[in-house]
Amino acid sequence: MALCRVLAVLMAVVALGFADQPRTRENPVTPGWPCPIDTEISPCVCSQDELYNLYMDCSLAKSDEQLERIFTSVFPFPDFYELRIIHDRDDIDNVIDEINPNTFAELTFERVIITGTRLTEIIDEAFADSHATLNYLDLSSNYLHTFPFESLPLYVQLNTFIIDDNQFPELYNLESQSLQVFSANKNPGLLMNSDHHFSGVPNLRELYLSEIGLKELTTGLFSNMTQLQVVDFSRNYLTELEAGSIAVSTNTIKKINFDLNDIFFVRHDALVGFAEDGSLSMASNQIVELPEEHWKHIFEQLKSRESIDLRGNALTCGCDIDWLFMQYDQEYLCRLTDTTLCYASTQQVIFLDVDIFCVQCAASFGDCPPQTDCKNPGTF
């Protein structure tokens, strides 16, 4: 009985010691148990949050051997919420360059973040024990050129997969029923040679392929998708968008980004499937004209004001855009951002004088329409 009273007092003291510390996923605390003994896993740090999720931060671990030693320690519980290893690639003391099947023993993780290391490949068995649990995998800013993409279907909960800033030579055909976010930005020279890169990820919502050196976009890549919302092909070398470049059967797309390419031509039906409140950014390209036959369908899909950003293009602002003024009741003109300018001046396109078009483009007009006021909705 006396022993029970002592234990009760000790537990109360421990509880009071942690009562004033905020316990959130962003700020986990380290109470010892249920984590391993801290000296056995040093320099890794184990912690938990108020939901009893366990975190393992091994950012201070320097080598493969050190990692293996750490994970041979006794772990009271094998299921972790997050593993984190964040290194600086310029730090020559960080030499983690291999993850073998035994590195993480039999621990499981829901989130894995390994960045800035010297890893060049991920083998199939590296996270095999997390097939049923892993939902977030960030392997950005390493030196990776190999990953077992064929094993993606085994990660039945995987929601987000990030491989930015690596050295992958080509994009493999992705296959996952659970994947919703995929990012492979800054893999220079990443080849896209297949018609089926995304056929096996029907639930993909966000796709990021910026700075991969892409020169041509295969049409029909997204035809089977019903959930797609965000697509980013910025900072590439694209010159033309043919029909079906990004086309989905449902109106789900919230944002498409083609900034900083060399696009000069966009064909009718190149971009299909925008949500009414979606947006298109094509800043800093080579677009000169906006002919109605090719551009009108984009303006018809996007209903919000300032939803089309064409800043940094050399727009001639001639009769090729008279339809934006002539069909004033549709507010097509107001889809353009106020940063979209004519090439020869700092004149904002949305504030151009309609009378100029009525005179210079008389063949397109019957009666001259009123001036569209894009800054005061409903006034014409």
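Each value, and the rule that gives it
Residues numbered from 1 in each chain as written. Predicted model: local features only at pLDDT ≥ 70, side-chain atom pairs only at ≥ 80, totals over all residues. Heavy atoms only, no water. Helix = DSSP H or I, 4+ residues; strand = E, 2+ residues; numbered from the N terminus. Rg over C-alpha atoms; globule rule 2.2 N^0.38 Å. Buried < 20%, exposed > 50% of the residue type's maximum accessible area, 1.4 Å probe, protein only. Lys, Arg positive; Asp, Glu negative; His and termini not counted. Charge placed at Lys NZ, Arg CZ, Asp CG, Glu CD. Pairing = 2+ DSSP bridges. pLDDT = per-residue confidence, 0-100. Contact = heavy atoms within 4.5 Å. Salt bridge = Lys/Arg side-chain N within 4 Å of Asp/Glu carboxyl O. Disulfide = S-S within 2.5 Å. Core = buried A, V, L, I, M, F, W, Y, C linked by side-chain atoms within 4.5 Å. Axes fitted to C-alpha atoms, helices over the stretch in contact; angles between N-to-C directions. Phe/Tyr/Trp six-rings, centres within 6.5 Å; stacked < 30°, edge-to-face > 60°.

In terms of regular secondary structure, the protein is built from 6 helices and 16 strands. Taken over C-alpha atoms, the radius of gyration comes to 27 Å for the protein, far larger than the 21 Å a tight globule of 380 residues would show. Projected onto the principal axes, the alpha-carbon positions of the protein cover approximately 100 × 45 × 40 Å. Going through the 380 residues of the protein one by one, you find that 47% of them count as buried. Counting 22 positive and 57 negative side-chain charges, the protein places the centres of these two groups 5 Å from one another.

A word on the pairing of strand 2 (residues 54-57). The two faces of a sheet get side chains in turn, since along a regular strand they alternate between them. Note: strand 1 (residues 45-48) against strand 2, 4 bridges, orientation antiparallel. Each bridged residue has a counterpart across the sheet, and for Cys46 the counterpart in strand 2 is Met56. Connecting the antiparallel pair strand 1 and strand 2 is a turn made up of 5 residues, with Tyr52 showing a positive phi of about 65 degrees. Across 3 bridges, the pairing between strand 2 and strand 3 (residues 79-86) is parallel. Within strand 3, the residue paired with Met56 across the bridge is Leu83.

Bringing the confidence of the model for the protein into the picture now. Should the pLDDT be low somewhere, the predicted coordinates at that spot are not to be read in detail. Considering every residue of the protein, the mean pLDDT works out to 90; 91% of them sit at 70 or more. Low confidence marks residues 1-25, where pLDDT is under 50. Its contacts with residues over four positions away, or in another chain, come to 16 contacts.

Our focus in this paragraph is the pattern of salt bridges. In total, this model carries 9 salt bridges according to the counting rule given. When the shortest N-O distance is used, the salt bridge between Lys62 and Asp91 registers 3.9 Å. Here Lys62 is found in the loop between strand 2 and helix 3 (64-70), whereas its partner Asp91 is found in the loop between strand 3 and strand 4 (108-115), with 29 residues between them in sequence. Its relative accessible area of 33% is what places Lys62 among the partly exposed residues. Here Asp91 falls in the partly exposed class, since its relative accessible area comes to 26%. Here the salt bridges do not stand alone but share partners, grouping Glu82, Arg84 and Arg111 into one network.

With that settled, the discussion passes to the state of the cysteines. On inspection of all chains with the given rule, the structure shows 6 disulfides. For Cys319, the disulfide goes to Cys361, at an S-S distance of 2.0 Å. Taking the torsion about the sulfur-sulfur bond, which here is approximately -95 degrees, the covalent link between Cys319 and Cys361 counts as left-handed. On the criterion of sequence distance, the pair formed by Cys319 in the loop between strand 16 (308-309) and helix 5 (322-326) and Cys361 in the segment after helix 6 (354-360) is long-range, its members being 42 residues apart. Counting only the cysteines that form disulfides, in the order they appear in the protein, gives the pairing 1-3, 2-4, 5-8, 6-10, 7-12, 9-11.

Counting 101 residues, the largest nonpolar core has Phe198, Phe233 and Phe258 as its most contacted members. Once you skip the residues sitting within four places of it in the chain, Phe198 turns out to touch Leu171, Leu174, Met192, Leu204, Leu207, Leu209, Leu221, Phe222, Asn224 and Met225.

Overall, mixed pairing links the 12 strands, which are arranged 1-2-3-4-5-6-7-8-9-12-15-16 in an open sheet. Bordering the open sheet on either side are strand 1 and strand 16, each of which pairs with just one other strand. Sheet topology places strand 12 (residues 253-257) next to strand 15 (residues 274-281); 4 bridges connect them, and they run parallel. Bridging from a neighbouring strand, Lys255 pairs with Ser279 of strand 15. Its contacts with the sheet put helix 4 (residues 292-301) on strand 15 and strand 16, and the angle it makes with strand 15 is roughly 125 degrees.

Any two aromatic rings considered together are summarised by their centre-to-centre distance and by the angle between their planes. Counted by the stated rule, this structure contains 20 aromatic pairs. Ring geometry for Phe80 against Phe109: centres 6.2 Å apart, planes inclined by 55 degrees, an arrangement best described as tilted. Of this pair, Phe80 sits in strand 3 while Phe109 is found in strand 4, placing the two residues 29 residues apart along the sequence. Neither Phe80 nor Phe109 differs from the other in exposure class; each is buried. Relative to Phe168, the ring of Phe149 lies with its centre 5.8 Å away and its plane at 70 degrees, an arrangement referred to as edge-to-face. One end of the pair, Phe149, is in the loop between strand 5 (136-138) and strand 6 (160-162); the other, Phe168, is in the loop between strand 6 and strand 7 (181-183), and 19 residues separate them in sequence. Phe149 gets classed as buried once you look at its relative accessible area, which sits at 5%. Connected via pairs of aromatic rings, a cluster forms that spans Phe71, Phe75, Phe80, Phe104, Phe109 and Phe127.

To continue, consider the side chain of Ser151. Note that Ser151 resides in the loop between strand 5 and strand 6. Owing to a relative accessible area of 3%, Ser151 belongs among the buried residues under this scheme.

To continue, consider unusual backbone geometry. That bond from Ser42 to Pro43 is cis: its omega, 10 degrees, falls within 30 degrees of zero. Within the secondary structure, Pro43 is located in the loop between helix 2 (38-41) and strand 1. If you check the backbone angles, Asp269 has positive phi at about 70 degrees while not being a glycine. Phi angles above zero are rare outside glycine, and Glu331 is one such case at about 60 degrees. Assignment of secondary structure puts Glu331 in the loop between helix 5 and helix 6. Overall, the relative accessible area of 18% leaves Glu331 in the buried class.

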